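Structural features, examined
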Amino acid sequence: MTANPLLDTYTFLAGVVRDDPFLLLANAVAWLDPLWTLDADDMELEDDGLGIALVVTRRAFPDIYAGAVERIRAGVSKAALDPFICGEITRRGIPLDNLESMSYGIPLDAAGALLEDPDFYRQHPDVVPHPLCDNILPYSRRIHTVWVRFLDNGEYARFSGIWFAELS
Amino acid sequence: MTRALWTAEDLRECLLTLPPLELKGMALLRERRPANCFFPTGIPRATMVEAITEITAYTERARRMGEALANLTPIPLLTQPVLEYGL
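Keep in mind the model is a prediction, meaning the values are calculated, not measured. (Residues numbered from 1 in each chain as written. Chains lettered and ligands numbered in written order. Predicted model: local features only at pLDDT ≥ 70, side-chain atom pairs only at ≥ 80, totals over all residues. Heavy atoms only, no water.)

Brief notes about the overall build of chain B
Rule in force here: Helix numbering and strand numbering both begin at the N terminus, where a helix is a DSSP run of H or I of at least 4 residues and a strand a DSSP run of E of at least 2. Whether a residue is buried, partly exposed or exposed follows from its accessible area with a 1.4 Å probe, protein chains only, as a fraction of its type maximum: under 20%, in between, or over 50%, in that order. Any two residues whose heavy atoms approach within 4.5 Å at even a single point are treated as in contact. Note on areas: these come from Shrake-Rupley sampling with a 1.4 Å probe, and a residue is covered only by the protein chains present in the view.
In terms of helices and strands, chain B carries 3 helices and 0 strands. Starting at the N terminus, the α and β elements of chain B follow one another as α-α-α. Across the 87 residues of chain B, 18% fall into the buried class. Of the contacts formed within chain B by residues at least 6 apart in sequence, a portion of 58% connects residues at least 24 apart. Entry remark: accessible area of chain B is about 6800 Å², with carbon and sulfur atoms responsible for 64%.

Some details on the overall build of chain A
In terms of regular secondary structure, chain A is built from 6 helices and 2 strands. Counting only contacts in chain A whose residues sit at least 6 apart along the sequence, the fraction spanning at least 24 positions is 37%. In the form shown here, chain A has an accessible surface area of approximately 11200 Å², with 59% of it arising from carbon and sulfur atoms.

Let's talk about the interface of chain A and chain B
The extent of an interface is frequently quoted as the accessible surface area lost upon association of the parts. Heads up, the condition is: Accessible surface is computed with a 1.4 Å probe, and the buried area is the amount of it that two parts give up when combined, taken over both parts together. Think of a salt bridge as a Lys or Arg side-chain nitrogen and an Asp or Glu carboxyl oxygen that are within 4 Å of each other.
At the junction of the two partners, chain A supplies 24 residues and chain B supplies 28 residues. Together chain A and chain B conceal approximately 2400 Å² of surface at their shared face, both sides included; 70% is due to carbon and sulfur atoms. Contact with chain B buries surface across chain A, with Y10, W31 and L32 of chain A losing the most and accounting together for 28% of the total. Across the contact surface, chain A and chain B share 2 salt bridges. A salt bridge links R58 of chain A to E60 of chain B, with the nearest nitrogen and oxygen atoms 2.7 Å apart.

As for the packing of aromatic side chains
Inclusion rule: Note on aromatic pairs: the rings of Phe, Tyr and Trp (six-membered ring only in Trp) are paired at centre separations within 6.5 Å, and the planes decide the class, stacked below 30 degrees, edge-to-face beyond 60, tilted for the rest. Here, over-ring charges are defined by two tests on the NZ atom of lysine or the CZ atom of arginine: distance to the ring centre within 6 Å, and angle to the ring normal within 35 degrees.
Here the structure, examined in full by the defined rule, presents 1 aromatic pair over all chains. Between W31 of chain A and F39 of chain B the ring centres are 6.0 Å apart and the planes differ by 15 degrees, which places this aromatic pair in the stacked class. Here W31 of chain A is found in helix α2 (residues 21-32), whereas its partner F39 of chain B is found in the loop between α2 (24-32) and α3 (45-70) on a different chain. Residue classification places W31 of chain A among the buried positions, given a relative accessible area of 1%. Looking at R58 of chain A, its charged tip hangs above the ring of Y65 of chain A, at a distance of 6.0 Å from the centre.

As for the pattern of salt bridges
Going through the model one piece at a time under the given rule, you end up with 16 salt bridges over all chains. The residue D33 of chain A makes a salt bridge to R58 of chain A at a minimum N-O spacing of 2.9 Å. Pair noted here: D33 of chain A is in the loop between α2 and α3 (49-60) and R58 of chain A is in helix α3, with a separation of 25 residues, a long-range link. Salt bridges here are not isolated pairs; linked through shared partners, they connect D33 and R58 of chain A together with E60, R63, R64 and E67 of chain B.

Some thoughts on helix α1 (residues 5-19) of chain A
For the α-helix, the turn length of 3.6 residues means that residues three or four positions removed from each other point alike. The condition that has to hold: Residue count minus one, scaled by 1.5 Å, sets the expected span of a helix.
Between its first and last C-alpha, α1 of chain A extends 21 Å over 15 residues, near the 21 Å set by a 1.5 Å rise per residue. Buried residues along α1 of chain A sit in contact with α2 of chain A.

Regarding the packing of α3 of chain A against helix α5 (residues 78-91) of chain A
All names here are of chain A. Basically, it comes down to this: To get an axis, fit a line to the C-alpha atoms, keeping to the stretch in contact for a helix; angles then go from 0 to 180 degrees between the N-to-C directions. Put simply, a crossing is left-handed when the front helix is turned counterclockwise from the back one by less than a right angle, and right-handed when it is turned clockwise.
Where α3 contacts α5, the two axes come as close as 11 Å, and the packing angle between them is 40 degrees. Crossing hand, α3 versus α5: left-handed. Contacts from L50, A53 and T57 of α3 reach α5 at K78, L81, I85 and I89.

Remarks on the packing of α2 of chain B against α3 of chain B
Residue and element names in this part refer to chain B. Formally: Note on angle classes: values under 35 degrees are labelled roughly parallel, values over 145 roughly antiparallel, values of 65 to 115 roughly perpendicular, and the remainder oblique. Residues are grouped as follows: Ala, Val, Leu, Ile, Met, Phe, Trp, Tyr, Cys and Pro are nonpolar; Asp, Glu, Lys and Arg are charged; every other residue, Gly included, is polar.
The N-to-C vectors of α2 and α3 enclose an angle of 130 degrees; their axes lie 8 Å apart at closest approach. On the basis of their axis angle, the class for α2 and α3 is oblique. Contacts from K24, G25 and L28 of α2 reach α3 at T47, E50, A51 and E54. Broken down by class, the residue content of the contact of α2 with α3 amounts to 2 nonpolar, 2 polar and 3 charged.

Below, the structure written as structure tokens:
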């Protein structure tokens, strides 16, 4: 019996959690997989790069996610997490300078597409710059095709679709 | 095909016979949790990464199963009497 009854309550609750498999599982998930309910769609572009990086690595690179969560639980600072995650993703062939750039989607540089290169469109006549805006008329009605390289297995896939057409 | 009578109570008893899930993270919590804080500390990095990898895979499986269950196509039970919900 301690002097502070609140501490007794904590000990009691800790014992209940330890002895109940369901509560123990919930506690373990909160400890080891804190982002289990989050999806990339839940993240806003304004959110910090670390949050997006954790969501992305959880889906695409679970081992990097595990390393990042372990470091968070060990008290590693956000400043130290940035080079760890970027370094691990870079080692898999996707150059990443900092976590902030993860908010901008697929890294074109990694696929060899340097849009700022003045010769890019001459060397790739099958690619045309096309502004896609969802609030400017006329809406784009063409079929757009993108090539996507999946982060988890490195495979390429082609997706086509009609973007920004008005809904009728 | 065997015609069997299953009740909700039978199903409950069947599920209760399953052993509780035991993940590495649960064992770490049970064995290494200090008395004065929520989560254990000082666990070797490799052990932590192993536990996180396992529980992340588990939560993903659980999430996908939940999505699949939420989108199940109704299956008419024409030969299986369920006494509690008989019309």
